[in-house]
Amino acid sequence: MSRSRITGLGLHLPERVVTNAELERLMDTSDAWIVERTGIRERRFAAPGVGTTDLAAEAARMALADAGRSPADVDFIVFATITREHAFPGCGSLLQERLGIPGVGALDVHNACSGFIYALAMADAVVRAGQYRCVLVVGAEVLSTGLDFSTRGRDLAVLFGDGAGAVVVEPGPDDGPGVLAWVLHSDGAHAKDLVCEAPSSLVQGRITQQMVTAGQHYPRMNGRQVFKHATTRFPEVIHEVLGKCGHTLDEVKLVVPHQANQRIGDAVAERLGVPPQKVFQNIQRCGNTTAASIPIALAEARDLGLVGPGDLVVLAAFGSGFTWGAAALRW
Ligand code: ACO
């Protein structure tokens, strides 16, 4: 039984920078409120007509080149997103076609902010089982086209941005670098606390004018419930995954959490009892890119030299579902 390891990383952020000042012109908000409550100063939005798979393909090509691989080497794709271009098919098949690798299996993961952790766990499982040898794991989102840029939607519209991150997962020696452990959780009792209700299979025709008028095709969040549960589950799952692989927090070089909100990241560092610089955060300039946030952050942290050979790195996420999870990596 080999160990799976990340051999390449890539990211892609759209060119268009959207500042808080621009959002001030669309809704009753302020740069001061956004920075104080979320830490976000700017985010990227995809150009009109640019889709999630377009962003993903750029990040995927970067990750494959970083791994010294070509698309032809890929034998499985796991794609995490909540913003696929159509109800079906999912983005995994679209990415496979875009990379020109017909016949390669593709799995879509629809677990919102926890999506990348779930996707990485599935990639680890199939590589360790010897089923596949070069798995492309992608987290990508175009959230901007699904936000309510009005005062009604301001609590969420200021949080999110677009982007894509990707990693290549391959087998390696079981005493070498790689994925040491992962844990995955959910609690559907909180489904309504972070939800986008439409389109829905409960409704003939999937969506009604009444639902559109009520804004049910936009995400809705019980901010306080999300804050309360996120700041509990992040530390809990980080300790859990470390315990599962026999390590402790003081051995960890860097925690790379889903970039939910800087207040959440700061609270996680505080509750873990670690200095803020031990928890990587780039939300200030990317916003919350949901399933893309961890792979983008991990690629940036690697490029900044914040993680290197032999380091213990923990990835952790919390999101809609609620879902949450973590993975421990020996770099
Ligand atoms: N600009 C100005 N005022 C705003 C904005 C905005 N963009 N959004 C909300 N407000 C107002 C509200 O209307 C409210 O005003 P009121 O008291 O007059 O009604 C006031 O700010 C406080 O709103 P609350 O939602 O009660 O404020 P809260 O203290 O809960 O802060 C926030 C809201 C920042 C979302 C907070 O709940 C939070 O940090 N929650 C964590 C949720 C989160 O960040 N999720 C990220 C996405 S989900 C994920 O990634 C896991």
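Quantities reported herein were computed from a predicted structural model and do not represent experimental measurements. (Residues numbered from 1 in each chain as written. Predicted model: local features only at pLDDT ≥ 70, side-chain atom pairs only at ≥ 80, totals over all residues. Heavy atoms only, no water.)

Some remarks on helix α5 (residues 115-128)
So, point 1. The end-to-end C-alpha distance of α5 is 20 Å, a good match for the 20 Å that 14 residues give at a rise of 1.5 Å each.
So, point 2. All buried positions along α5 are accounted for by Gly115, Phe116, Ile117, Tyr118, Ala119, Leu120, Ala121, Ala123, Asp124 and Val127.
So, point 3. Positive phi shows up at Gly130, right after α5, with a value of about 80 degrees. (Helix = DSSP H or I, 4+ residues; strand = E, 2+ residues; numbered from the N terminus. Expected span 1.5 Å × (residues − 1). Buried < 20%, exposed > 50% of the residue type's maximum accessible area, 1.4 Å probe, protein only.)

Comments concerning the pairing of strand β6 (residues 135-141)
So, point 1. Extensive coverage of β6 is indicated by the burial of seven of its seven residues.
So, point 2. Burial along β6 is two-sided: the face carrying Val135, Val137, Gly139 and Glu141 and the face carrying Leu136, Val138 and Ala140 are both buried.
So, point 3. In this sheet, β6 lies alongside strand β4 (residues 76-80) in parallel orientation, the contact comprising five bridges. Each bridged residue has a counterpart across the sheet, and for Ile77 the counterpart in β6 is Leu136. (Pairing = 2+ DSSP bridges.)

Some thoughts on the site of the ligand
So, point 1. Thr29, Arg37, His258, Asn261 and Asn288 are the nearest of the 24 residues found near the ligand.
So, point 2. Within the side chain of Arg154, an N or O atom sits 2.9 Å from an oxygen atom of the ligand.
So, point 3. Within the side chain of His258, a nitrogen or oxygen atom sits 2.8 Å from an oxygen atom of the ligand.
So, point 4. Relative to its unbound accessible area of 990 Å², the ligand is 75% covered by the protein chains.
So, point 5. By residue number, the principal contributor to the shell around the ligand is helix α8 (residues 223-244), which donates four residues. (Near = heavy atom within 4 Å. Polar contact = N/O pair within 3.5 Å; in protein donor to acceptor, adjacent residues only side chain to side chain. Areas by Shrake-Rupley, 256 points an atom, 1.4 Å probe, with all protein chains shown as cover.)

Concerning the packing of helix α3 (residues 52-67) against helix α4 (residues 91-98)
So, point 1. Contact pair α3 / α4: the axes reach a minimum separation of 10 Å and the direction vectors enclose 55 degrees. Relative to α4, the element α3 is oriented oblique. The way α3 lies across α4 gives a crossing that is right-handed. The segment α3 lies against α4, with Thr52, Thr53, Asp54, Ala56, Ala57 and Arg61 engaging Cys91, Leu94, Leu95 and Arg98.
So, point 2. When its residues are assigned to classes, the contact of α3 with α4 shows five nonpolar, two polar and three charged. (Axes fitted to C-alpha atoms, helices over the stretch in contact; angles between N-to-C directions. Parallel < 35°, antiparallel > 145°, perpendicular 65-115°, else oblique. Left-handed = near helix turned anticlockwise from the far one by under 90°. Contact = heavy atoms within 4.5 Å. Nonpolar A, V, L, I, M, F, W, Y, C, P; charged D, E, K, R; others polar.)

Structural notes on the pattern of salt bridges
Working definition: two side chains of opposite charge can pair if their charged atoms are close together.
So, point 1. Going through the model one piece at a time under the given rule, you end up with 14 salt bridges.
So, point 2. Glu170 is the salt-bridge partner of Arg69, the closest N and O atoms lying 2.7 Å from each other. Taken together, the residues Arg69 in the loop between α3 and β4 and Glu170 in strand β7 (residues 163-172) connect sequence positions 101 residues apart.
So, point 3. Look at Arg69 and you get partly exposed, because its relative accessible area is 37%.
So, point 4. Asp148 serves as the salt-bridge partner of Arg152, at 2.7 Å between the closest nitrogen and oxygen. (Salt bridge = Lys/Arg side-chain N within 4 Å of Asp/Glu carboxyl O.)

Overview of unusual backbone geometry
So, point 1. Omega for the bond connecting Ala198 with Pro199 falls within 30 degrees of zero, at 0 degrees, which places this linkage in the cis form.
So, point 2. Following Gly321, the chain continues to Phe322 via a peptide bond in cis, the omega torsion being -10 degrees.
So, point 3. Relative to the elements of secondary structure, Phe322 occurs in the loop between β12 (312-319) and β13 (323-330).
So, point 4. Although it is not a glycine, Ala112 sits at a positive phi angle of roughly 50 degrees.
So, point 5. Along the chain, Ala112 falls in the loop between β5 (105-109) and α5.
So, point 6. Phi angles above zero are rare outside glycine, and Thr290 is one such case at about 50 degrees.
So, point 7. As for its position among the elements, Thr290 is in the loop between α10 (283-286) and α11 (293-303).
So, point 8. Classification of Thr290 by relative accessible area gives buried; the value is 1%.

Examining the domain arrangement of the protein
So, point 1. Assigned domains of the protein: these are domain 1 (3-172) and domain 2 (178-187 + 219-330).
So, point 2. The C-alpha-based centres of domain 1 and domain 2 are spaced at 17 Å.
So, point 3. Domain 1 puts 50 residues into the contact, and the matching count from domain 2 is 43 residues.
So, point 4. For the pairing of domain 1 and domain 2, the buried interface totals around 3600 Å² over both sides, and the portion due to carbon and sulfur atoms is 68%.
So, point 5. Counting every contact that joins domain 1 to domain 2 gives one salt bridge.
So, point 6. Salt-bridge contacts for Arg302 lead to Asp66; the nearest nitrogen and oxygen are separated by 2.9 Å.
So, point 7. Joining domain 1 to domain 2, the criterion identifies 14 residue pairs in polar contact (both at pLDDT 80 or more).
So, point 8. Elements represented by at least two residues in the side of domain 1 that touches domain 2 include exactly β1 (3-12), α2 (31-38), β3 (42-45), α5, β6, α6 (154-157) and β7.
So, point 9. For the side of domain 1 that touches domain 2, the class distribution of residues is 24 nonpolar, twelve polar and 14 charged. (Domains from an automatic or database assignment. Buried area = accessible area lost by both parts, 1.4 Å probe.)

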